Amino acid sequence: MDKYDVVVIGAGHAGIEAALCCARVGLNTAILTLNRNTIGALSCNPAIGGVGKGQLVKEIDALGGEMAKAADFSGIQFRILNASKGAAVQSSRAQVDMQLYQQYMQRVVSGQKNLEIVEAEVKDLIVRGSQVYGVITGKKEEILSDCVVVCPGTFLDGIIHIGLNKISGGRINEPASSQLADSLKSLGFNLFRFKTGTCPRLDKNTIDFTKLIIQNGDNPPQPFSFSTKLIRQEQVPCYITYTNPSTHKIILDNLDRSPLYAGIIKATGVRYCPSIEDKIVKFSDRERHQVFLEPQGLNTDEVYPNGLSTSFPEDVQLEIIHSVEGLEKARVIRFGYGIEHTVVDSTQLFPTLESKIIRNLYIAGQINGTTGYEEAAAQGLVAGINAGLRAKEKDPLVLTRANSYIGVLVDDLTTKGTQEPYRMFTSRVEYRLILREDNADLRLRKIGHDLGLISEAELKDAQAKQQEIEDGIKFLRSHRITPNQQVNEFLENLGTPCLRNPATLEDILKRPQVSLHDLMRMPGVGQKIPEFALRQVEIEVKYTGFIKRQFVEVERFKDLEKIKLAQDLDYAVIPGLSREIKEKLNKFKPMNLGQASRISGVTPAAISILMVYLRKI
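Residues numbered from 1 in each chain as written. Predicted model: local features only at pLDDT ≥ 70, side-chain atom pairs only at ≥ 80, totals over all residues. Heavy atoms only, no water.

Draft legend 1. Focus on helix α6 (residues 245-253). The complete set of buried residues in α6 reads Thr247, His248, Ile250 and Ile251. Down the axis of α6, the buried side of the element spans an arc of 160°, and every buried residue falls inside it. Residues of α6 that are exposed and point more than 90 degrees away from the buried face comprise Pro245 and Lys249. Buried residues belonging to α6 abut α7 (276-282) and α8 (314-322). Backbone nitrogen of Ser246 and a side-chain oxygen of the N-cap are separated by 2.9 Å at the start of α6; the cap is Asn244. (Buried < 20%, exposed > 50% of the residue type's maximum accessible area, 1.4 Å probe, protein only. Helix = DSSP H or I, 4+ residues; strand = E, 2+ residues; numbered from the N terminus. Arc of directions from axis to C-beta. Contact = heavy atoms within 4.5 Å. Polar contact = N/O pair within 3.5 Å; in protein donor to acceptor, adjacent residues only side chain to side chain.)

Here you go:
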């Protein structure tokens, strides 16, 4: 009988981050997987990041996680999305070589001190009273541990759909995990079903790229990790094409063969990444939909046609593909499929991702109702950190909506829950102007260092960056430019009015036509701001009024978060609250007044009543 400090079930994105952070703080950790060769596999598209997701990856890195470093090692195209828009919504995305990404993660996991890889299927949890003590494998072996982190991805009772045929599986050609779901249900967890899907894979040698729109990455490519100095992988383009009326007719004519529309798939699908059949039905006014052709690696012929996710039978998939410009003769290497899987009600978890039902049991990843690699990895890191802190008998870490995208993600899941697969967006984040991806290291490196996940050198790099930013802003505020012919000619060339009176560099930079790169070339500017600090200095100056207002809002938010609510508080005895609100508060057991205020149906008036009641007791 083996004994560990922490056992992590699953070796996908969530499981990897959870296991690595526990092992890195000195805990004896086991990561359990059905097959060690699938550790770190990218199940769906060959990309990391995206709008809202890029921020999560940057924050994972700032706290000491691994996903960003893996993306930098394997990245074959990097782009800043929304680059023409405001700083608050700009996000990084990288196309990655799927094989290199997986190889990197397997090398890191297998080489990590204090971490043992165990090939086993978990059938049951060892629970005594209301606390977990380990797991039971398919071979009826007991593995004991102080804490357990459950990260099964889509493998929990997974069912794969291709047309009207269905097979048990967590990924194509990989078995599902069935008995663990029964174990969770017997312990009192509310379980329901979600649906996701993937696209067919095409042979690039059979695609007519001359008909497609080429999309190159940024030059130079900007790394994900704050520790990466240079991207070394060869960079390649992606391509864009579109569906057309012929494509749409094929889909509409075959809806009776779609498991989604034939009623075979009953689970809730992904709103923001729907199947192609869902798009055509729900957006019938659209004449075309984009298909983004993504290479799956440098040494493979497989191409991922992002936008053609489907669970149609193979003959219909082939017809759909051949109707798209540039794909008329495309050969399918692997057909797409839909997958139903079991998820837990995430409101049954604390913001630490510990179960409210079973002590020392943490749950993370797609099992909590999310979709996407990045959301899973972020949860895995939070669950792993808190399992490690519990094993060391230390206070938990709760990230908040005021300090991170990860805090928003976890708060949304544990306070509001989700009725459909959850995807992170910048629009979900109230303080997104101060929670940008470029300053994730400045916000979170200190937390990672205090946890033992960030080195002293990495912390000092962030502190030096912060000092350079402060020095840069101070320089702009103190340095005045006197009008002269050279200065005014320079400003005219930038399309901005001439100076009539002396002005600080800060005032000039606030003009929309002037960038900080421009300003550093202005005659009379004697000092240079380091390249790595330029972006943050410019944002801080140009958005100073908005940023100050958000910091005021954050302080108000923190005031409510500071008012703690006892977990044994009986809301039924509080006068003035409606029955519905009493029931919701007793069910959710919020940790503080701020979390209580975000529960659906809990009114501002109810929060005021709670505040008055708390003053009396």
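Draft legend 2. Highlighting the pairing of strand β5 (residues 91-96). When you tally the buried positions in β5, you get 6 out of 6 residues, the bulk of the element. Sheet topology places strand β3 (residues 47-49) next to β5; 3 bridges connect them, and they run antiparallel. Across the sheet, residue Ala47 finds its bridge partner in β5, namely Gln95. Here strand β4 (residues 75-81) pairs with β5 via 6 bridges, running antiparallel. Looking across to β5, one finds that Ile80 is bridged to Ser92. (Pairing = 2+ DSSP bridges.)

Draft legend 3. Focus on the sheet that holds β3. Strand order in the open sheet formed by 3 strands is β3-β5-β4, and the pairing between neighbours is antiparallel. In the strand order of this sheet, the two ends are held by β3 and β4, each with one partner. Each strand of the sheet is rotated relative to its neighbour by a mean of 20°, with strand direction disregarded. Across the sheet, helix α2 (residues 53-63) touches β3 and β5, and the angle it forms with β3 is around 80°. (Axes fitted to C-alpha atoms, helices over the stretch in contact; angles between N-to-C directions.)

Draft legend 4. Representation of the sheet that holds strand β11 (residues 165-168) in the model. Here we have 4 strands laid out as an open sheet, ordered β11-β10-β19-β12, and antiparallel in their pairing. Edge positions in the sheet fall to β11 and β12 (191-198), since each has one partner strand and no second. Within this sheet the neighbouring strands show an average axis-to-axis angle of 25°, counted without direction. Bridging between β12 and strand β19 (residues 337-344) involves 8 bridges; their strand directions are antiparallel.

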